[in-house]
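Secondary and tertiary structure notes
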Amino acid sequence: MAEPLTDATDRATVGAPAGTALLHTTAAAHGPVPAPVPSGATGLQGPRPAGPAGHPLPVPPGVSEAIRARADERTAPLVHRLMRSSLALTAEGGGPPAGRLGGLPDLPAGTDWPEFAGRPMQLLAQLDCAGLAEAFRTSGHGGARPLPAAGLLLFFHDEWVSDFSGRGCRVLHVPAGAPPRPAPVGGPGTPAVPATEVRAHWRLSAPSYQDGELENLFPDDFMIALDLAADFRDHLSAPDVRVLGWCDTDTGRLAGHRPLLQIGSRALDVDWGECVNVSFWITDEDLAAGRFDRVRQGFEVA
């Protein structure tokens, strides 16, 4: 288990390499509570949350039953509306090809290798935007997401720093057809993370009790949010690699941001010591505008 979350101003290095800054935040101030829906809109299963293009997201019966059992008539539909669509990336199974984890990046000609403090960053993922869009489109649930329709998204990070400042990560969008630069000789030319091809599968994602959007629905009884989060974990699996959706780990939440990519150490053939998950965070506005230079990064330490 990660250590308990503390105040957002408390930065501590816990079980990480020297120089690693880990920011732990509370679940407060994550945005306003959604407006109530009209009376009588719940129905037998509760209203289905809408995907980004207005498509309803299927909520498993066990999740709907847990919501009805723990939330009242006013808050139950609001909990349903918090569900998000996401993509799980796995090496097995069907689904559109979605790029790979690790390996050497297809950096375009003239693009420098991302560095922090003179150290080359690790490439954690090179995702195929067309494959991600196809996975959402063919699912019939999520519609189009505000990701680039084509090209590559390259996710780099520095394994020594994570303070939500954005210093220790870099996300680059490489347009489709950009001529690649040759792989460098020595140094970052040797992949720090072995390459693994992945495919994309649609997944429903639910909030945790640490997310203010859920917690704020139950200001008089925090235990309801805690119990609901446990119900969600029982009925919805958390993949090792998730694109979009809610945060699956005990990583501190960054106010106003959502996870863009989460990668658990089990998905990669690497030794991160006590770090078990790396996540990349972005605001809705930056995601819609394609401003990936503003992405932040967090670690979860076991």
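Scroll up to find the structure this text is about.
The residue numbers shown here count from 1 along each chain, following its written sequence. In keeping with the predicted nature of the model, local features appear solely for residues at pLDDT of at least 70, side-chain atom pairs appear and are counted solely at 80 or more, and the whole-chain, interface and lining totals rest on all residues. The side-chain numbers reported here are obtained from all heavy atoms of the structure, hydrogens and water having been left aside.

Some points on the pattern of salt bridges
We count a salt bridge whenever a side-chain nitrogen from Lys or Arg sits within 4 Å of a carboxyl oxygen from Asp or Glu. The full count for this structure, using the stated rule, is 10 salt bridges. Measuring nitrogen to oxygen at the nearest pair gives 3.0 Å for the salt bridge that ties arginine 253 to aspartate 211. Here the residue arginine 253 occupies a position in the loop between β11 (241-244) and β12 (258-264), and aspartate 211 occupies one in the loop between β10 (196-205) and α4 (212-215), the gap between them amounting to 42 residues. Across the pair aspartate 248 and arginine 242 runs a salt bridge whose closest N-O atoms are separated by 2.7 Å. A residue is classified by how much of its surface remains accessible, and aspartate 248, at 30% relative accessible area, is partly exposed. Strands here mean DSSP runs of E at least two residues long; helices mean DSSP runs of H or I at least four residues long; both are numbered from the N terminus. Think of it in three bands: with a 1.4 Å probe and only protein chains considered, a residue is buried below 20% of the maximum accessible area for its type, exposed above 50%, and partly exposed in between.

Concerning the packing of aromatic side chains
Each Phe, Tyr or Trp ring (for Trp, its six-membered ring) is paired with any other whose centre lies within 6.5 Å, and the angle between the two planes then decides the class: stacked below 30 degrees, edge-to-face above 60, tilted in between. What the rule picks out here adds up to three aromatic pairs. For the ring pair tryptophan 113 and phenylalanine 156, a centre distance of 6.0 Å and an interplane angle of 70° mean the geometry is edge-to-face. Linking tryptophan 113 in the loop between β4 (97-101) and β5 (115-116) with phenylalanine 156 in strand β8 (residues 152-157), this pair joins segments that are 43 residues apart in sequence. There is no split in this pair, since tryptophan 113 and phenylalanine 156 are both buried. On the basis of an interplanar angle of 70° and a centroid distance of 5.1 Å, the ring pair of phenylalanine 155 and phenylalanine 280 is categorised as edge-to-face.

With respect to the packing of helix α1 (residues 61-70) against helix α5 (residues 222-235)
Packed helices, taken two at a time, are described by the angle between their axes plus the distance between the axes. A fitted line through C-alpha atoms represents every axis, and for helices the fit uses only the stretch in contact; the resulting angles, taken between N-to-C directions, go from 0 to 180 degrees. Direction vectors running N to C along α1 and α5 enclose 165°, while the axes themselves pass 9 Å from each other. What the angle tells us is that α1 and α5 run roughly antiparallel. Here α1 runs over α5; the crossing is right-handed. In contact with Gly62, Val63, Ala66, Ile67 and Arg70 of α1, α5 contributes Ile224, Asp227, Leu228, Asp231, Phe232 and His235. Under the scheme applied here, ten amino acids are nonpolar (Ala, Val, Leu, Ile, Met, Phe, Trp, Tyr, Cys and Pro), four are charged (Asp, Glu, Lys and Arg), and all others, including Gly, are polar. Its residues assigned to classes, the contact of α1 with α5 shows six nonpolar, two polar and three charged. What sets the label is the angle itself: under 35 degrees gives roughly parallel, over 145 gives roughly antiparallel, 65 to 115 gives roughly perpendicular, and the rest give oblique. The crossing is said to be left-handed when, going from far helix to near helix, the turn is anticlockwise and less than a right angle, and right-handed when the turn is clockwise. A contact between two residues is defined here by any heavy atoms of the two lying within 4.5 Å.

Remarks on α5
One less than the residue count of a helix, multiplied by 1.5 Å, gives the span that helix is expected to have. The end-to-end C-alpha distance of α5, which contains 14 residues, comes to 21 Å, matching closely the 20 Å that a straight helix rising 1.5 Å per residue would cover. All of the buried residues along α5 are Ala225, Leu228, Ala229, Asp231 and Phe232. Buried positions in α5, seen along its axis, are confined to an arc of 160° and lie on one side of it. Turned more than 90 degrees from where α5 packs its buried face, Arg233 and Asp234 sit exposed. Buried residues belonging to α5 abut α1, α2 (75-81) and α4. An arc is given here, and it is the one of the directions from the helix axis to the C-beta atoms.

Some remarks on the nonpolar core
Throughout this description, the term nonpolar core refers to a set of buried Ala, Val, Leu, Ile, Met, Phe, Trp, Tyr and Cys residues connected via side-chain atoms within 4.5 Å. Ranked by size, the top nonpolar core spans 56 residues in total, and within it Ile67, Leu89, Phe155, Phe232, Leu260, Leu261 and Phe280 carry the most contacts. The contact partners of leucine 89, leaving out residues within four places of it in the chain, are Ala98, Leu127, Leu132, Val198, Arg199, Ala200, Val241 and Val243. Formed by nine residues, the second largest nonpolar core is a distinct cluster that contains Trp113, Met121, Leu123 and Val174.

Quick look at helix α3 (residues 129-139)
Among the residues of α3, Cys129, Gly131, Leu132, Ala135, Phe136 and Ser139 are the ones counted as buried. Polar contact criterion, stated in full: a pair of N or O atoms within 3.5 Å, where within protein one must be able to donate a hydrogen and the other to accept it, and residues adjacent in sequence count only if both atoms are side-chain atoms. For α3, the capping residue at the N-terminal end is aspartate 128, with a side-chain oxygen 3.1 Å from the backbone nitrogen of alanine 130.

As for the pairing of β12
Summarising burial for β12: seven of the seven residues are buried, a large majority. If DSSP finds at least two bridges between two strands, the strands pair. Both β11 and β12 contribute to a ladder of three bridges, which runs antiparallel. The residue bridging arginine 242 from the neighbouring strand is glutamine 262, located in β12. Relative to strand β13 (residues 275-282), β12 runs antiparallel, the two sharing six bridges. Within β13, the position partnered with proline 259 by the bridge is tryptophan 281.

Some words on the environment of arginine 137
On the secondary structure map, arginine 137 appears in helix α3. Judged by its relative accessible area of 54%, arginine 137 falls in the exposed class. Between the alpha carbons of arginine 137 and tryptophan 202 there is a distance of 9.5 Å; along the sequence they are 65 residues apart. A polar atom in the side chain of arginine 137 sits 2.3 Å from the side chain of glutamate 134.

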